[in-house]
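Fold and geometry: a report
Spelled out from the first residue to the last, the chains are:
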Amino acid sequence: MSASQVGPSREFLGFLRPDETVGIRNYVLVIPGGFISAKICECVNGVETIVTPNTGAGMTSRDRATVARTLTGLARNPNVAGVIVHNAGPSAGYPELNPLSLAEEAAKSGKPVEFLDVVKAGGQLEAIAQGVKMARRLVYEASKARREPFGLGKLTVGVKCGASDPTSGIAGNPAVGYLFDRIVEAGGVAMFGETTEIIGAEHILARRAATPAVAEAILEAARRTEERALATGEDIRTVNPVPANIAAGISTLEEKSLGAIHKAGHAVIQGCLQYAERPAGKGLYFVDNWMHPSSIFPGYAAAGAQLTMFQLGGGGTPARDILDPSPAVVAPLLWLSANPATRERCGFSLDYYSGTVIEGKETPEEAGERLISLVLETASGTWTRGETLRYSDPLEVYTLDPVF
Amino acid sequence: MERRALILDPADNVASVIDRVEAGDTVIARLGNETKAVVALEDIPFGFKIALANLEAGEAVIKYGEVIGKASRPIARGALVHVHNVEGNRGRGDLQKRAEE
């Protein structure tokens, strides 16, 4: 059976939102983070918020814009059914982070957005009481939503590879690439990034760009990142590949990059996005971002990803057996690996294994189809292994300028 | 013993071993239906690279059909190829700093 014949039956059950996007989870989100938001989350089931030191304070205008884009992007994410915006954030005075503007931007999704005015409420404790009431009503209304069938093309996903080892480039990333190709064919959106980790492979990606302008943007992103690396006076190999990569057999940044780009599949690259930037169309996108999980995954979620994936090598990280839950606030995270030692060590924590391809037990297509099935099941409501744990790393917005 | 390795592109001069290799093992490196046999000169851990050809210092190391770096010293066919005998060409702030001093 060819991939295109299987296509039409590739469906998942999701929540239709007013802007025609489809949620795979059904949260209420309070933004920005802080005391009020944390207390509302403690009291009300189904509410999420953001924990981050990057509030925008002391940042340049373009970095503040990125913080704002991250907040409103998470609010607009299809997995969010309703939003509360409060005005007690420390950066509320900056124009980019004006709470009313944030609420307006979030409301573009057409979903309910409530404004919690702390001054009008008479103080923060009073605002918490009011916010709890708002949140209870929002989650109750959200619970009335019913899942309906949608095709693979309604998914937006983002991936990073990490603790990469030689299994990553041979069988781990290619499985993701297969998934990406099928999502793009179905009319969905697939995002990959990690600009440092395209250095040495950027010419291959540039050849796959939809237009010369997109090709130039990819090359420019790699150039800018390499210039920053050169300015440090250090061999990048002492920073990235990280020690875990080297311990597992990756020798240079170029080798890491050439393996890493396999997760991008074979589709045409439609654009080069900034951190937390929403893609203008459908298809495959490169994101000029930074590899750290606490940064990259919330960035994908803010760009609209309902689901994120960490393609783990893990050959060089023997101390890690519990794999962290998603730092993407509203988008779950699947952990994938093709390394047999990682699989054995991580056990239940690992969502998917494609080392079978190296072992000759499965073809790349079979492993890829198995990943698609997992993605559809997860999109339909089955939890990721990480969703069983009550923990999340703080979110780190990827900013570019010094702070003052 | 006979051990396995994967060649990822016809232009490659290294292969990734997919068994734990010991010195003296014959490594059968496969690319599609074609194979190359090479005797391991030393132990090579799972996933690490074995040289398929003799490389001179400065010669490009090729994997995925692309340059992944250059030999920092001569590498013999059958040797382990890693950070001790390969250096990267990109992001070399150290070389730039040295050139500026």
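Residues numbered from 1 in each chain as written. Chains lettered and ligands numbered in written order. Predicted model: local features only at pLDDT ≥ 70, side-chain atom pairs only at ≥ 80, totals over all residues.

1. A closer look at the sheet that holds strand 4 (residues 47-49) of chain A
All names here are of chain A. Strand order in the open sheet formed by four strands is 4-3-5-6, and the pairing between neighbours is parallel. Strand pairing shows two members of the sheet lacking a second neighbour, strand 4 and strand 6 (113-116), which therefore form its edges. Each adjacent strand pair in this sheet contributes to an overall mean axis angle of 25 degrees, direction not counted. Bridge count between strand 3 (residues 27-31) and strand 4: three bridges; the pairing is parallel. (Pairing = 2+ DSSP bridges. Helix = DSSP H or I, 4+ residues; strand = E, 2+ residues; numbered from the N terminus. Axes fitted to C-alpha atoms, helices over the stretch in contact; angles between N-to-C directions.)

2. Points about the domain arrangement of chain A
Residues and elements named next belong to chain A. According to the domain assignment, chain A consists of domain 1 (27-142) and domain 2 (153-388). Taking only C-alpha atoms into account, the centre of domain 1 sits 29 Å from that of domain 2. On the domain 2 side, the residues contacting the 13 residues of domain 1 number 14 residues. Of all the secondary structure elements, the ones that give two or more residues to the side of domain 1 that touches domain 2 are strand 3 and helix 3 (61-76). Among the elements that make up the side of domain 1 that touches domain 2, the one with the highest residue count is helix 3 (five residues). (Domains from an automatic or database assignment. Contact = placed C-beta atoms within 7 Å.)

3. Notes on the environment of glutamate 56 of chain B
All names here are of chain B. Inspection of the secondary structure assignment puts glutamate 56 in the loop between strand 5 (49-51) and strand 6 (60-63). Along the chain, glutamate 56 and isoleucine 75 lie 19 residues apart, while their C-alpha atoms are 6.4 Å from each other. Setting aside its immediate chain neighbours within four residues, glutamate 56 contacts Ala71 and Pro74.

4. Overview of the interface of chain A and chain B
When the parts of a complex come together, some accessible area is lost, and that lost area is often taken as the interface size. Each partner contributes to the interface: chain A provides 27 residues, whereas chain B provides 26 residues. Broken down by secondary-structure element, the contributors of at least two residues to the side of chain A that touches chain B are helix 7 (166-185), helix 9 (212-231) and helix 11 (253-260) of chain A. Here the side of chain A that touches chain B is composed, by residue class, of twelve nonpolar, eight polar and seven charged. (Nonpolar A, V, L, I, M, F, W, Y, C, P; charged D, E, K, R; others polar.)

5. Details of the pairing of strand 7 (residues 66-71) of chain B
Residues and elements named next belong to chain B. As paired strands, strand 6 and strand 7 are joined by four bridges and run antiparallel to one another. Residue valine 61 lies in a different strand from strand 7, and its bridge partner there is glycine 69. Here two bridges tie strand 7 to strand 9 (residues 86-87), and the two strands are oriented antiparallel to one another. In the sheet register, alanine 71 faces strand 9, and the bridge partner there is valine 86.

6. Comments concerning helix 3 of chain A
Under the 1.5 Å per step criterion, the end-to-end length of helix 3 of chain A is 22 Å for 16 residues, consistent within 8% with the ideal 22 Å. In terms of residue burial, helix 3 of chain A counts as a mostly covered element, since 13 of its 16 residues are buried. (Expected span 1.5 Å × (residues − 1). Buried ≥ 20, exposed ≤ 12 C-beta atoms within 10 Å, placed from the backbone.)

7. Comments concerning the packing of helix 2 (residues 35-43) of chain A against helix 6 (residues 124-142) of chain A
Residue and element names in this part refer to chain A. Contact geometry for helix 2 and helix 6: axes closest at 9 Å, N-to-C directions at 45 degrees. Relative to helix 6, helix 2 is oriented oblique. Considering how the two elements wind past one another, helix 2 and helix 6 form a crossing that is right-handed. In this structure, helix 2 uses Phe35, Ile36, Lys39, Ile40 and Cys43 to contact helix 6, whose residues at the interface are Gln124, Ala127, Ile128, Gly131, Val132 and Ala135. Residues of the contact of helix 2 with helix 6, tallied by class, amount to eight nonpolar, two polar and one charged. (Parallel < 35°, antiparallel > 145°, perpendicular 65-115°, else oblique. Left-handed = near helix turned anticlockwise from the far one by under 90°.)

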